[in-house]
Amino acid sequence: MEPHIQVRDLNVYYEKIHALKDIDLEIPRHQITVIMGPSGCGKTTLLKSLNRFLELNESTRMSGNILIDGEDIYALGVDVTEVRKKAGLLAQHPFPLPMSIYDNVAYGLRIHGMCPNGRSVDAKVQHYLLEAGLWEEVKDRLHFPATGLSVGQQQRLCLARGLAIEPEILLGDEPTSALDPISAQHIENRLMDLKNEYTIILVTHILRQAKRLADYVVFMYLGKVIESGLPGEIFDNPQEERTLAYLEGQF
Amino acid sequence: MKARRVLQPIWFSSVLLPFLNRRVKDRFVGGAFFLITILPFAILLVVIVSLILRTQPILSAHSIGELLTGQKWYPLKGQFGFFPFIAGTFWVTFMALILAVPPCLLSAIYLSEYCRPRISAVAKPLLDLLAGIPSVVYGVWGMVAIVPLVQVFSSHVNKWLGFIPLFSKNNPTGYSILSGGIVLAVMITPFIIAVTCEVLRTVPDGTRLASLALGATKWQTIKYVVLPQTRSGIFAGVVFGASRALGETMAVLMVVGNVAKVPSSIFDPAYPLPALIANNYGEMMSIPLYDAALLGAALVLLIIVLFFNLISTIALRHIIGRSKI
Amino acid sequence: MKKSQIEEGIVKGFMLLSFSLVVCSLGFILVTVIVKGLPALNLDMLIQTPKGGYYLGKEGGILNAIVGSLYLAGGATLLALVFSLPIALFLKTYSRRKWWADYVRLSLDILWGIPSIVYGAFGFTLMLALGLRASLLGGIIVLALLELPIMTRGMDEVIRRMPIDMEEAAYALGATRFETAMHVVLRQMLPGIVTAILLAFGRGIGDAASVLFTAGYTDRIPNSLLRPVASLPLAVFFQLGTPFPEVQNRAYAAALVLTVIILVVSLGSRWLSARMGRYTIK
């Protein structure tokens, strides 16, 4: 199967820090790819390069290519908002937008002009809240401010908000790290359900979570991809010493 | 027993005394410092009370309503109507806000959301400089540069829009509300920009990123996410700017014409309260009740400014955690 | 191009326009003052006091106003410093009751918002009560009132930013609050304190409305605190009021001198705080 995302020879510098070094990576379609490694290894930077968040920081320079469906997202003339529409992000902390629960989900639809008439907005909001497993909890207070939700609910709201713009890819930057165990499990279950329709890339430093969710594993260390492959190979039979050391908890 | 008596002074002087000294000094200084912190309250109280006391003579001769709504100002005849001056104060301030607020908000958004850090690093000292230019220098600029421009501009506007009372020209010079408003607008610009930048900074970056991650453009993010959340703070910043503008004296005095009549057009001259006080202090003691009337004007001005200042200060305290910019 | 991108471009254009408008007005002011003031400025202006017939356009200079302004603002800054430093240090090290510190800050903010003309009017009533005439002393007192909140809040803002760990380190060594204030807070925050002092000095030297009532105006350089004193802002104001072009030109020159002093103070404070910042822990 053709990979969904191809990263070719990617190098990223913050000021003088060489954050990502010669990354070459192929990410399979409709699977959960887990990027793991000790903190500071460049996992989040790699994730941010996929939705062009790196360019928000003035001092960042990069070289190399990232191809989604064979098209370079950094090519001249590519609309950055289209790239971000294609790759939804689930951040470490949920940041609900300062509006109602309903409007949070409808926001993306509106800015992309995806709902010409009002009625289909209602339907879509319901659909994606259902998909994120939040509908039952919020259906009676859709027009209340989103900040009134618990952190776990907020993260699911962020998931619904991200799904509503119909992305092909979901980027998760340790999306469960700020959550209580039950909410975390909620999110994990959602991700498992969603992987048939979306290419999911998950950054995590929790080994167990990686083992639970991964269809494909990337291990990073000090800005480099050390090893990548199927979970069976990486977890049970790592080829690299550093991967083994990490798996044994030495970092 | 004997040994203890011998030991005691040594123990006292070498151990306890220096210790006590430091402790006593600390307590003493703490008390003194505490007393000094009462000073700001005391100043505030004394300013207000002394102005009220000094205004008493005129309050016993005229009622407050008569003074505030009276249109006639003939000190020699004993007529003291503050209304033209209060109206002039608000006209000029309002003019300044209309001119200053849109560019200030856009500049603030540009500086805090768009521009490179290098540009905002240059902008800050420039704005500080703008805030530091003395009032009389603004006045000189207004007289030399703005008043002639307004004079020419007003004749042209009068030709086309003169039928609208707001734009009619009954005043051959450029000394007008518009001139005063322009000068004041520039003077309050650094304050409004600084407050607005602070207010915008209260929106967490994560919220902005959440919107950008959905594929919103920067402006969409600002329009739908950042601005709705900061509306009240920005409003407080504008009120803060108004409170600075209301009390501004010299610069306005030099360009606004100083005619004690209620204005009806932006090309009319006005006579704001601070100008009234500054222009006439010399004769204050030579006309009966005049001193009470002018200090009464100062009191009215103080009350107006305090009202605006208190609202914005308290609101900004809640929003950005501090109020001094 | 999409609609959202076009909108983005238009708004961004307006932002750039607004920001350049702000920067240009600063440039416009400075250029106006320089163009008008420079031709009228000469050495005599700076080193002579007004001679007979000066206000008709004859010989003399504005040394009285330059020195007077320095006396006024210098004296007021010293007087304000005596009170503002203890207040700022108290708010950091002594005040255990947060509400009291909050009220002190609120009262300072309100004082900061009082227009200088009101300070002037108040100063006038104060002087009537004390039986003072318009004098250097009166001007200094009123300017000090004006500068006190600016200086104190300026210091307070920088002192507040000092990390609590540093203060606690001093307490851990057994220092009293007073010793902590003098040896740790003061030293660490010196650059910011100096900036606040110079900021207040700049405000003081540029203010006209408050000294109008209280300091008077004279052609002489005062030799006593009880004599009236001239000041640069009033020199500008009064000379502009005369009908003689030569005298008006001198007003422009005086405005230029005042602007240069403000510029020097503001640049100086930046330079000083950068230089002194080397001795503090970042």
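Each chain has its residues counted from 1, following the order in which its sequence is written. Lettering for chains starts from A, numbering for ligands starts from 1, and both go in the order in which the items are written. Local features are withheld for residues below a pLDDT of 70 in this predicted model, meaning they are given only at 70 or higher, and side-chain atom pairs are given and counted only at 80 or more; totals for whole chains, interfaces and linings count all residues. As a rule here, side-chain values come from all non-hydrogen atoms in the structure, and water together with hydrogens is ignored.

Undergrad: What is the right way to look at the overall build of chain B in this model?
TA: Within chain B, the secondary structure is distributed over 12 helices and two strands. Runs of H or I in DSSP of at least four residues are treated as helices and runs of E of at least two as strands, each being numbered from the N terminus. Order of helices (α) and strands (β) in chain B, N terminus to C terminus: α-α-α-β-β-α-α-α-α-α-α-α-α-α. A globule of 325 residues ought to have a C-alpha radius of gyration of about 20 Å, yet chain B, at 27 Å, is considerably larger. Expressed along its principal axes, the backbone C-alpha trace of chain B runs to roughly 105 × 70 × 35 Å. Radius of gyration here uses only the C-alpha atoms, and the compact-globule reference equals 2.2 Å multiplied by the residue count raised to the power 0.38.

Undergrad: Would you take a moment to explain the packing of helix H3 (residues 63–94) of chain C against helix H6 (residues 136–160) of chain C for this structure?
TA: For any two helices packed against each other, the geometry is given by the interaxial angle and the distance between the axes. Residue and element names in this part refer to chain C. Angles shown run from 0 to 180 degrees and are taken between the N-to-C directions of axes, each axis being a line fitted to C-alpha atoms and, for helices, limited to the stretch in contact. At a closest axis distance of 6 Å, the pairing of H3 and H6 adopts a crossing angle of 35°. Between H3 and H6 the crossing geometry is right-handed. Partitioning the contact of H3 with H6 into residue classes produces 22 nonpolar, five polar and four charged. Note on convention: near helix rotated counterclockwise from far helix by under a right angle means a left-handed crossing. Clockwise means right-handed. All residues other than Ala, Val, Leu, Ile, Met, Phe, Trp, Tyr, Cys, Pro, Asp, Glu, Lys and Arg, Gly among them, are scored as polar; the first ten of these are nonpolar and the last four charged.

Undergrad: Just checking my understanding: could you explain the domain arrangement of chain B for this structure?
TA: Interface size is commonly expressed as the accessible area that is lost once the parts come together. Annotation comment: domain bounds sourced from an automatic or database domain assignment. Taken domain by domain, chain B comprises domain 1 (2–37) and domain 2 (68–320). A separation of 56 Å is found between the C-alpha centroids of domain 1 of chain B and domain 2 of chain B.

Undergrad: What's the story with the packing of helix H1 (residues 3–37) of chain C against helix H12 (residues 245–276) of chain C in this structure? I'm lost.
TA: All names here are of chain C. Look at H1 against H12: their axes get within 8 Å of each other, and the N-to-C directions meet at 130°. On the basis of the axis angle, H1 is oblique to H12. Viewed along their axes, H1 and H12 form a crossing whose handedness is left-handed. Of the residues in H12, those touching H1 at Leu30, Val33, Ile34, Lys36 and Gly37 are Tyr252, Ala253, Ala255, Leu256 and Thr259. Class assignment of the residues belonging to the contact of H1 with H12 gives a composition of seven nonpolar, two polar and one charged. Throughout, the term roughly parallel applies to angles under 35 degrees, roughly antiparallel to angles over 145, roughly perpendicular to angles from 65 to 115, and oblique to all others. Throughout, a residue-residue contact means that at least one pair of heavy atoms, one from each residue, lies within 4.5 Å.

Undergrad: Would you mind showing me how to read the pairing of strand S9 (residues 216–221) of chain A here?
TA: The two faces of the sheet receive side chains in turn, since in a regular strand these alternate between them. Residues and elements named next belong to chain A. Each residue's exposure class comes from its accessible area (1.4 Å probe, protein chains only) as a fraction of the maximum for that residue type: buried when under 20%, exposed when over 50%, partly exposed otherwise. Of all six residues making up S9, five are buried, and the element is well covered by its neighbours. Pairing between strands is defined by DSSP: at least two bridges between them are needed. For strand S3 (residues 32–36) and S9, the ladder comprises four bridges, and the chain directions are parallel. Looking across to S9, one finds that Thr33 is bridged to Tyr216. As paired elements, S9 and strand S10 (residues 224–229) share five bridges and run antiparallel to each other. Bridging across to S10, Val217 finds its partner in Gly229. Taking the residues between adjacent antiparallel strands as the criterion, S9 and S10 are bridged by two residues, where Leu222 takes a positive phi near 50°.

Undergrad: Explain the pattern of salt bridges to me, please; I cannot follow it from the model alone.
TA: Close approach of charged atoms lets side chains of opposite charge pair. Between Lys or Arg on one side and Asp or Glu on the other, a salt bridge is scored when a side-chain nitrogen of the former is within 4 Å of a carboxyl oxygen of the latter. Within the structure shown, the criterion is met by 23 salt bridges over all chains. Arg212(A) serves as the salt-bridge partner of Glu188(A), at 2.7 Å between the closest nitrogen and oxygen. Remark: Arg212(A) occurs in helix H8 (residues 207–213) and Glu188(A) occurs in helix H7 (residues 181–194); sequence separation between them is 24 residues. Classification of Arg212(A) as partly exposed rests on a relative accessible area of 48%. One salt-bridge network, in which partners are shared between bridges, spans Arg317(B), Arg105(C), Asp109(C), Arg153(C), Asp156(C), Glu157(C) and Arg160(C).

Undergrad: Teacher, can you tell me more about the domain arrangement of chain C here?
TA: Residue and element names in this part refer to chain C. The domain architecture assigned to chain C consists of domain 1 (3–37) and domain 2 (45–279). If you look at the interface, domain 1 gives five residues, while domain 2 gives five residues. Buried area, as used here, totals the accessible surface that two parts lose on assembly, with accessibility defined by a 1.4 Å probe and the loss added over both. Carbon and sulfur atoms make up 81% of the area that domain 1 and domain 2 hide from each other, which totals about 460 Å². Three residues, Val33, Lys36 and Gly37, lead the burial of domain 1 against domain 2; their summed loss comes to 77% of the area buried on that side. Taken together, the links from domain 1 to domain 2 amount to zero salt bridges. Nitrogen and oxygen atoms within 3.5 Å of one another constitute a polar contact, given that in protein one can donate a hydrogen and the other can accept it, and given that sequence-neighbouring residues count only through two side-chain atoms. At the surface where domain 1 touches domain 2, the tally comes to zero residue pairs in polar contact (both at pLDDT 80 or more). Residue composition of the side of domain 1 that touches domain 2, grouped by class: three nonpolar, one polar and one charged.

Undergrad: Sorry if this is basic, but what is going on with the confidence of the model for chain B here?
TA: Detail in the predicted coordinates should be disregarded across regions flagged by low pLDDT. Residue and element names in this part refer to chain B. When pLDDT is averaged across chain B, the result is 88; 93% of the residues are at 70 or more. Considering each helix and strand of chain B separately, the mean pLDDT is smallest for helix H1 (residues 2–37), with a value of 63, and largest for helix H4 (residues 83–114), with 96. You can read pLDDT as the predictor saying how much it trusts each residue, on a scale of 0 to 100. When the criterion is pLDDT under 50, residues 1–13 qualifies, and its contacts beyond four places in sequence or with other chains add up to five contacts.

Undergrad: How do you make sense of the packing of aromatic side chains when you look at a structure like this?
TA: Aromatic ring pairs are described here by two measures, namely the spacing of the ring centres and the angle between the planes. Paired rings are identified among Phe, Tyr and Trp, the last through its six-membered ring, by centres lying within 6.5 Å, and are further divided according to the angle between planes into stacked (under 30 degrees), edge-to-face (over 60) and tilted (the rest). Within this structure, the stated rule accounts for 25 aromatic pairs over all chains. When the centroid spacing of 5.7 Å and the interplanar angle of 35° are considered together, the rings of Trp73(B) and Phe82(B) count as tilted. Residues Trp73(B) and Phe82(B) agree in their burial class; the two are buried. Their ring planes at 70° and their centres at 6.4 Å tell us that Phe153(B) and Phe267(B) sit as a pair that is edge-to-face. Of the two residues, Phe153(B) is situated in helix H6 (residues 135–161) and Phe267(B) in the loop between helix H10 (250–255) and helix H11 (273–280); the sequence distance between them amounts to 114 residues. Members of the aromatic cluster, each reached through a chain of ring pairs, are Phe34(B), Phe41(B), Phe90(C), Trp99(C), Trp100(C) and Tyr103(C). We call a charge positioned above a ring when the Lys NZ or Arg CZ atom is no farther than 6 Å from the ring centre and deviates by at most 35 degrees from the ring normal. Seen from the ring of Tyr13(A), Arg61(A) lies directly overhead, with NZ or CZ sitting 4.9 Å from the centre. For Lys218(B), the ring lying beneath its charged end belongs to Tyr114(B), and the centroid distance is 5.3 Å.

Undergrad: Would you mind going over the confidence of the model for chain C with me for this structure?
TA: For chain C, per-residue confidence averages 87 on the pLDDT scale, and 96% of positions sit at 70 or higher. Looking across chain C, the model is least confident in helix H8 (residues 177–188) of chain C, with a mean pLDDT of 79, and most confident in H1(C), with 94.

Undergrad: What should I look at first to understand the interface of chain C and chain B in this one?
TA: Residue-level contacts link 83 residues of chain C with 86 residues of chain B. Both sides together, the interface formed by chain C and chain B hides about 7700 Å², and carbon and sulfur atoms give 79% of it. Among the residues chain C hides against chain B, the three largest losses belong to Met15(C), Phe19(C) and Trp112(C). Together they make up 9% of the total. The partner of Lys223(B) in a salt bridge is Glu7(C), and the shortest N-O contact between them spans 2.5 Å. Taken together, the connections running from chain C to chain B amount to 11 residue pairs in polar contact (both at pLDDT 80 or more). Per-element accounting of the side of chain C that touches chain B gives the leading share, 21 residues, to H1(C). Along the lines of polarity and charge, the residues of the side of chain C that touches chain B split into 56 nonpolar, 13 polar and 14 charged.

Undergrad: What should I look at first to understand the sheet that holds S10(A) in this one?
TA: The pairing of strands in a sheet comes from backbone hydrogen bonds and takes either a parallel or an antiparallel form. Residue and element names in this part refer to chain A. If you walk across this open sheet you meet the six strands as S6-S7-S8-S3-S9-S10, and the pairing is mixed. Of all the strands in the sheet, just strand S6 (87–90) and S10 have a single pairing partner and so form its edges. The mean angle between the axes of side-by-side strands here comes to 20°, regardless of whether they run parallel or antiparallel.

Undergrad: Hey, could you run me through the sheet that holds strand S1 (residues 5–14) of chain A in this one?
TA: All names here are of chain A. Taking strand neighbours across the sheet as the criterion, the four strands line up as S2-S1-S4-S5 in an open arrangement whose pairing is antiparallel. Two strands lie at the open edges of the sheet, namely strand S2 (17–27) and strand S5 (71–72), each paired on one side alone. In this structure, strand S4 (residues 60–68) lies alongside S5, joined through two bridges in antiparallel fashion. Within the sheet, the bridge partner assigned to Ile68 lies in S5 and is Glu71. Seen against the sheet, helix H1 (residues 43–50) touches S1, S2 and S4 and runs at an angle of roughly 115° to S1.

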